Amino acid sequence: MHKSTNFAAQNFELYAMAVTRLKRKARRNKLRSKKRLQKMALESTKPVIKNVDIEELKKGFSATPSKAKKAEKEEVKEAKAEAITEAPVKEEKKEEKIPFEEIKKQDETAPVLDPSTLAEQERLEREERLVKDSLRQIALDKKIEERRNQGRGRISIGMNSNINKESPSHNIRYTFSYRDRKIGKTNFSTESYVVFRNNLNDWAPVQENIYNALKIYSLGAAYNFKDESNIWIGRKINPKISSMGAIDGLQGEKTFGNIIVGGILGSRPDTRYYNLNTSLFQAGGYVSHQSTNTKKRSLTTLGFVQQSNKGNTDRRFVYFQHSGTLLEDLHVFSSFEIDLFENVNDNPKSTFRMTNFLVNVRYRPTRRLNISAAYDNRKGVIYYETYKSFIDNLIERETRQGLRLGANYRAFKWMIVGFNSGMRFQKDGANSSKNVNAFVNFTRVPYVGMQASLTGNYLQTGYLKSLNYGVRLNRDIWKGVISGSLYLRRVNYNYLYSEQAFVQDLVELNLYIRITKNLSISLTGEETFRKSENTTRFFARIVQRF
């Protein structure tokens, strides 16, 4: 008797749990089914015009609740039978026990929505979702704009040491850059990029002229008026006439819809020290047109500039620049100048000649393939500082001008192959050159967790031939904190007037350490092996962002 009582109690507990679990599911399924049927009825309903007996309709409405209750009772009985047959053998989770009569009462009092109420509820829910999405996007855009308008800067100190027996040198480089689009949430903005670089063993050039070490690439402030106009004072490269380089003085713009009218008044930086030189006066104006089409953005500028040297007109020219998307996947940048007047060696004359021509075309026919072509005929391009090695400077100097073609293709998700070649040609052939460069980049090397890059370059000029090739390996030592790379390279070059070939091997080791979010340290060691002597170079830099 005792055993049968326990068995009955155990069965009752399992039965109650099963009814609780399945009854909730049955309620949800019935509510979903009602909504679906009501929605289908609402969409397929057609109005019928006929005479209606109001009394008959009232009788029909009064009979509906009893039928609904009867149907609910039958569904409860069916659910109860299913629960008894499908009761679990073992309890897996503790469920809240609800009396059977309470469940029955909840089902009988469940509201039945008519089609119009259901449609209105769905419309309100849809509008609520749209409002929430809009508010979320507005908050995100506002956050991005605030971050763009926040002042950002960087201070870095770098050491470049060349260790060899004959002429060791230790160069130190201080860098300061800062940009703020809205100073203190006002209409003022500022931009600066200043570098001080000097040899610690030789301060004589600095004492002679501080601009031997100090280079101010950008420094000034602007004010943006509410009528879409602005004025800038200081040194800055104007993006609408970027090929002209930095401009010292005043720059102003006024926007009229898609048209931008601007002007410059000031001077050019000194070509030797890159300091302020008021004797190189220049003035001019330009008109730009910008496209508002989001798929085909473009900016075209036409300007007129006059430059003088010590009060005498030195040059007068027309400037043109275009940047934009001609087709969906075709981007073009081009600029050129047409000289109208020039004074060379105190020989002034009027002329009409195109100079400083540059065009760069990038085409992406597929997601995997990129093709580029460029022609560069600019003159007077000066590099005031560089960390490139001798052979890299040589390749840069000999291949910048002329025609260049290039392409890269993502063969696999983890591999990119590409090449670029250049050709410089002249009528007399005295300064012609040919250059071919190929590379294979592995964004992920299987089983070793690193990136790799294979490169090769061939250069032929009027006085030398060179062939160099190398491999670079990159790996995260501590993800997001420490990373390192190893670079191995061999260079073969010989001068045409010399029968002896020069061969050098280069080994470079890099280490990057991120101490905090805004503080980082980078270390680089480089060893160059040659028959005559070896050269050791060491780089160290610490960067603090704010």
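The shown structure was predicted, so the numbers you read here are calculated from the model rather than taken from an experiment.

(A) Layout of the overall build of the protein. A count of helices and strands for the protein gives six helices and 22 strands. Across the protein, contacts joining residues at least 24 apart in sequence account for 44% of those joining residues at least 6 apart. Accessible surface, the protein: about 36,600 Å² in total, of which carbon and sulfur atoms supply 57%.

(B) How the structure looks around the environment of G158. Structurally, G158 can be placed in strand 1 (residues 152–163). Separated by 364 residues in sequence, G158 and S522 have C-alpha atoms that sit 9.2 Å apart. Beyond its immediate stretch of four places on either side in the chain, G158 contacts N171, I172, R173, A540 and R541.

(C) Structural detail: the confidence of the model for the protein. Averaged over every residue, the pLDDT of the protein is 80; the share at 70 or more is 76%. Low confidence marks residues 1–20, where pLDDT is under 50. Its contacts with residues over four positions away, or in another chain, come to 17 contacts.

(D) Molecular detail of the packing of aromatic side chains. A complete count under the given rule lists 14 aromatic pairs for this structure. Consider the rings of Y493 and F502, whose centres lie 5.7 Å apart with planes at 15 degrees: the pair is stacked. Over the aromatic face of F317 sits the side chain of R315, whose NZ or CZ is 4.0 Å from the ring centroid. Between the NZ or CZ atom of R316 and the centre of the ring of F341, over which it lies, the distance is 5.1 Å.

(E) Structural view of a nonpolar patch on the surface. Taken together, the side chains of I163, I477, W478, L511, L523 and F538 define a hydrophobic patch exposed on the protein surface, amounting to about 570 Å² of accessible area. You can see I477 is positioned in strand 18 (residues 464–478). By relative accessible area, I477 is classed as exposed at 58%.

(F) Just the pattern of salt bridges, in detail. Applying the stated criterion across every chain yields a total of 10 salt bridges. We note a salt bridge from K240 to E253, for which the minimum N-O separation is 3.2 Å. Placement of the pair is K240 in the loop between strand 5 (229–237) and strand 6 (246–256) and E253 in strand 6, with a sequence separation of 13 residues. For K240, a relative accessible area of 13% puts it in the buried group. Exposure remark for E253: the relative accessible area of 15% places this residue in the buried category.

(G) Broad picture of the pairing of strand 11 (residues 330–343). Of all 14 residues in strand 11, 10 are buried; the element is thus mostly enclosed. Across 12 bridges, strand 10 (residues 312–327) lies against strand 11 in antiparallel orientation. Its bridge partner lying in strand 11, F317 is registered against D339. Where strand 10 hands over to strand 11, the hairpin turn is made up of two residues, counted between the paired strands. As judged from the 12 bridges shared by strand 11 and strand 12 (residues 348–363), these two strands associate in the antiparallel manner.

(H) Quick look at unusual backbone geometry. Positive phi is not limited to glycine here, since Y274 has a value of about 60 degrees. Relative to the helices and strands, Y274 is located in the loop between strand 7 (259–267) and strand 8 (281–290). With a relative accessible area of 12%, Y274 lands in the buried category. A positive phi angle is found at K310, which is not glycine, with a value near 55 degrees.

(I) Highlighting the pairing of strand 21 (residues 519–529). Two elements, strand 20 (residues 502–514) and strand 21, share 10 bridges in a ladder whose sense is antiparallel. Opposite L511, over in strand 21, you have L523 as the bridge partner. If you look at the hairpin formed by strand 20 and strand 21, you'll find four residues sitting between the two strands. What sits between the antiparallel neighbours strand 21 and strand 22 (residues 535–545) is a turn of five residues.

(J) Structural detail: the nonpolar core. One finds I241, M244, I247, I264, Y286, V305, F317 and Y319 forming the largest nonpolar core, which totals eight residues. Setting aside anything within four residues of it in sequence, one finds I264 in contact with I241, M244, I247, L250, Q251, A283 and G284. Membership of the second largest hydrophobic core comes to five residues, among which are L459, V491, Y493 and Y495.

(K) Local environment of the environment of I241. Tracing the backbone shows I241 in the loop between strand 5 and strand 6. By relative accessible area, I241 is classed as buried at 3%. The spacing of I241 and H322 is 81 residues in sequence and 9.5 Å in space, taken between C-alpha atoms. Residues within four places of I241 in sequence aside, it is in contact with I247, I264, Y286, T301, Y319 and Q321.

(L) Examining the environment of V359 more closely. With respect to the helices, strands and loops of the structure, V359 is situated in strand 12. Each C-alpha atom of the pair V359 and F336 lies 8.6 Å from the other, and the pair is 23 residues apart in sequence. The contacts of V359, once residues within four sequence positions are left out, are F333, S334, A373, A374 and Y375.

(M) Representation of the side chain of S308 in the model. Along the chain, S308 falls in strand 9 (residues 298–309). When near neighbours in sequence (up to four residues on either side) are disregarded, S308 contacts R268, S279, L280, F281, T313 and D314.

(N) Highlighting the side chain of H322. In this fold, H322 is placed in strand 10. In this structure H322 comes out as buried when scored by relative accessible area, which is 15%. Discounting chain neighbours no more than four positions away, the residues touching H322 are S298, L299, T300, V332, F333 and S334.

Scoring rules and cut-offs
Residues numbered from 1 in each chain as written. Predicted model: local features only at pLDDT ≥ 70, side-chain atom pairs only at ≥ 80, totals over all residues. Heavy atoms only, no water. Helix = DSSP H or I, 4+ residues; strand = E, 2+ residues; numbered from the N terminus. Contact = heavy atoms within 4.5 Å. Areas by Shrake-Rupley, 256 points an atom, 1.4 Å probe, with all protein chains shown as cover. pLDDT = per-residue confidence, 0-100. Phe/Tyr/Trp six-rings, centres within 6.5 Å; stacked < 30°, edge-to-face > 60°. Lys NZ or Arg CZ within 6 Å of the ring centre and 35° of its normal. Patch = residues over 30% accessible without salt bridge, like charges linked within 9 Å, V, L, I, M, F, W, Y side chains within 5 Å. Salt bridge = Lys/Arg side-chain N within 4 Å of Asp/Glu carboxyl O. Buried < 20%, exposed > 50% of the residue type's maximum accessible area, 1.4 Å probe, protein only. Pairing = 2+ DSSP bridges. Core = buried A, V, L, I, M, F, W, Y, C linked by side-chain atoms within 4.5 Å.

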